[in-house]
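# Secondary and tertiary structure notes
Below are the chains, spelled out letter by letter.
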Amino acid sequence: MRDSGFDVLVVGAGPVGLTAAHELARRGVRVRLVDRATGPATSSRALATHARTMEICHQMGLLTTLMPRGRKVEHFSFHLRGRRLISFDADYAGMPTRHPFSLMVDQVVTEEVLRKGVHDLGVEVEWEVGLESFEQGADGVTAWLRRADGSVEELWVPWLVGADGARSTVRKQLGLRLLGDSTETWLNADVLLDAPLPADGNHLVHTGKGTLLLVPFPEQDKWRIIDTADIDRADEPEFVRARLAAKLAVALGKPVQVSQPSWISVFTVQQRMIEHMRVGRCFVAGDAAHVHSPASGQGMNTGVQDAYNLAWKLADVIKGHCEEALLDSYEAERVPIGATLLRSTRTATALVALRNALAPVLLPVGLGLVRTIHPLKRRLQRKMIRGFCGLALHYTASPLTVPAGDGDDGIAPGHRVGCDAGTERVSAGWRELYEELTDTRWKLLAAPADAVQSETVESAARAYGSAVSTRAVTDASAPEATAAGEARAGNAVPLADPGGHLRAGLGLRPGRFVLIRPDGYLVAKGELADLPRTLDRVHLVEQQ
């Protein structure tokens, strides 16, 4: 096999390509990252970073940098003729997370944080380098890259990741078609507002003939307005400003000062996806694989989650930690997720547009009823949150997931591992596990009840130490001498869980184990006697 000095070529340096490059590099994979653009994007695009993506950013080690640069959003309000008809709260009941909100932060900032993370790992974005074409072979991919000066470079790499957007060269050359439809055409405008609207929530205002969706930026008084009815004369900022001011005055019942937009964009709302995300040694992720309505802010979040899912699997195969069969689970997991999100974003698009002519009459009655029936309001706001936060998505049908046996309790295989902030505050075990999730390896948590079971755990630690972090969960505090480094040497490091909160949440009883994937999803649980078969089933390879 040839060696070009790189294991993976990532095409596209937006948030998806940057996430893939970051996670590959963090795992010791040699990455080349190219983009045909002249440099980083400067115009405003995606704003919302949802709860699951924040969990990923924590695991990547970037959340503490990103969080202070955003604004928390925890409400969604409807307005009509100067009245706020209802305000739905961010209700994450049944989806425990430390981040029960959306973070509004400009995609330009998100990419900046990701680029800095990639740079710190020794990877630089090569701007003005575009993928012209490629050919696959049995052991790799030959790619031709064109530079700004017109010169063409031939590059061989074992693997290729296409994160090159909705017009993806990789997708087109693989013969993959985006299937679906286009529904609406909307206008985006970023403006400063002097309006009586709380900035800790999004606002949908009915203007009489359509709706405006207002989303706050982190900056004081700055908002993105999405106009679902009027898109003409978008090249006239003063006209767009005056039109938005007039609409807001009608919807909010008072004059509103609107600045001239700093950015205007007219876009077609598309709902499209492909049926395959892998062809041989080539993969696609993000908008290259599926395009969503912006109504619930899914595009960037879904793409980051694609890249995170793919990167740890590809890295484990390249590093020899797992068999190549592991890669089949990427498409098996993410294609159904794309289909699920297309359904939810269609619903969100219809909700935001509110085309029904009777809406001005029906909304006050219907939402007034919801506001007074508290159980109904709770059900609706929980359903709304589940549709976009990413926490409810699971991999129970994945070929990688090992179904639990009868009588198992706690988090089920295929679901993400997490608790809320209140549980974390009182549980040393959960706090330790959250830090453990930043480790790039699989996590094996075991509760051996006798010497034989302890040896089973130690044997697994010795055999898989470079791929699996093995922790023996106990009541007592771990000795000061133990450290995460010992696990790499083949020892099961104690994980103290006084009070048993972690074990209760995971359903980890004496004599049993829980296996967590590198991306924080529980993949298997069972009796320690079944551990060797389980490790083999999820394609882990014993380290020589």
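What counts as what
Position numbers for residues start from 1 in each chain and track the written sequence from start to end. Reporting of local features is limited, given that this is a predicted model, to residues whose pLDDT is at least 70; pairs of side-chain atoms are given and counted only at 80 or more, and all residues count toward the totals for whole chains, interfaces and linings. Based on all heavy atoms of the structure, the side-chain values leave hydrogens and waters out of the count. Working definition: a ring pair exists when centres of Phe, Tyr or Trp rings (six-membered ring for Trp) sit within 6.5 Å. Plane angles under 30 degrees give stacked, over 60 give edge-to-face, the rest tilted. Helix and strand definitions follow DSSP, with helices as H or I runs of at least four residues and strands as E runs of at least two, each counted in order from the N terminus. Only protein chains enter the accessibility calculation, which uses a 1.4 Å probe; a residue whose area is less than 20% of its type maximum is buried, one above 50% is exposed, and one in between is partly exposed. Note on terminology: pairs of cysteine sulfur atoms within 2.5 Å are recorded as disulfides. Take the residue count of a helix, subtract one, and multiply by 1.5 Å to get its expected span. Each pair of strands is called paired provided DSSP finds at least two bridges between the two strands. To obtain an axis, a line is fitted to C-alpha atoms, over the contacting stretch when the element is a helix, and the angle between two such axes runs from 0 to 180 degrees between their N-to-C directions. When describing relative orientation, an angle under 35 degrees is termed roughly parallel and one over 145 degrees roughly antiparallel, while 65 to 115 degrees is termed roughly perpendicular and anything else oblique. Crossing handedness is read from the near helix: turned anticlockwise from the far helix by less than a right angle, it gives a left-handed crossing, and turned clockwise, a right-handed one. Here, residues are in contact when the closest pair of their heavy atoms is within 4.5 Å. We call Asp, Glu, Lys and Arg charged. Ala, Val, Leu, Ile, Met, Phe, Trp, Tyr, Cys and Pro are nonpolar, and the rest, Gly among them, are polar. Source of the domain bounds: an automatic or database domain assignment. Buried area: the sum, over both parts, of the accessible surface (1.4 Å probe) that disappears when the two are put together.

Bringing the packing of aromatic side chains into the picture now. Within this structure, the stated rule accounts for eight aromatic pairs. Relative to Phe-283, the ring of Trp-159 has its centre 6.0 Å away and its plane inclined at 35°; by these criteria the two rings are tilted. Of the two residues, Trp-159 is situated in strand S12 (residues 159-162) and Phe-283 in strand S20 (residues 282-284); the sequence distance between them amounts to 124 residues. By relative accessible area, Trp-159 is classed as buried at 4%. Plain terms: the ring middles of Trp-430 and Tyr-434 are 6.2 Å apart, the flat faces sit at 40° to each other, and that makes the pair tilted. Of this pair, Trp-430 and Tyr-434 both sit in helix H12 (residues 428-436), four residues apart, roughly one helical turn.

With that settled, the discussion passes to the state of the cysteines. One pass over the structure, following the stated rule, counts zero disulfides. Here Cys-57 is not cross-linked by a disulfide; its sulfur's nearest cysteine counterpart is in Cys-389, at 15 Å. Left unpaired, Cys-419 is separated from the closest cysteine sulfur, that of Cys-389, by 16 Å.

Our next topic: helix H4 (residues 107-120). With 14 residues, H4 should cover 20 Å at 1.5 Å per step; its first-to-last C-alpha distance of 20 Å lies within 8% of that length. Buried within H4 we find Gln-107, Val-109, Thr-110, Glu-111, Val-113, Leu-114, Arg-115, Gly-117 and Val-118. Looking one or two residues beyond H4, the residue adopting positive phi is Gly-122, at roughly 90°.

Strand order in this open sheet of six strands is S8-S2-S1-S12-S20-S19, and the pairing throughout is mixed. Both edges of this open sheet fall to strand S8 (125-127) and strand S19 (278-279), since each of them pairs with a single strand only.

At a minimum axis distance of 9 Å, the contact between helix H1 (residues 15-26) and H4 shows a crossing angle of 20°. Judged by the angle between their axes, H1 and H4 are roughly parallel. Of the two possible hands of crossing, H1 and H4 adopt the one that is left-handed. Contacts between H1 and H4 involve Pro-15, Leu-18, Thr-19, Ala-21 and His-22 on the former and, on the latter, Gln-107, Glu-111, Leu-114, Arg-115, Gly-117 and Val-118. Grouping the constituent residues of the contact of H1 with H4 by class yields five nonpolar, four polar and two charged.

Let us now look at the sheet that holds strand S9 (residues 129-136). Spatial ordering of the open sheet is given by S9-S10-S11, a layout of three strands whose pairing is antiparallel. Of all strands in the sheet, those with a lone pairing partner are S9 and strand S11 (152-157), marking the two edges. Each adjacent strand pair in this sheet contributes to an overall mean axis angle of 25°, direction not counted. As paired strands, strand S10 (residues 141-147) and S11 are joined by six bridges and run antiparallel to one another. Note that in S11 the partner of Leu-145 across the bridge is Glu-153.

Bringing the domain arrangement of the protein chain into the picture now. According to the domain assignment, the protein chain consists of domain 1 (8-70 + 105-179 + 272-338), domain 2 (180-269) and domain 3 (415-538). Taking only C-alpha atoms, the centre of domain 1 and the centre of domain 3 are 30 Å apart. Each side of the interface is counted separately: domain 1 has 15 residues, and domain 3 has 15 residues. Between domain 1 and domain 3, a total of about 1300 Å² is buried, with carbon and sulfur atoms accounting for 46% of that surface.

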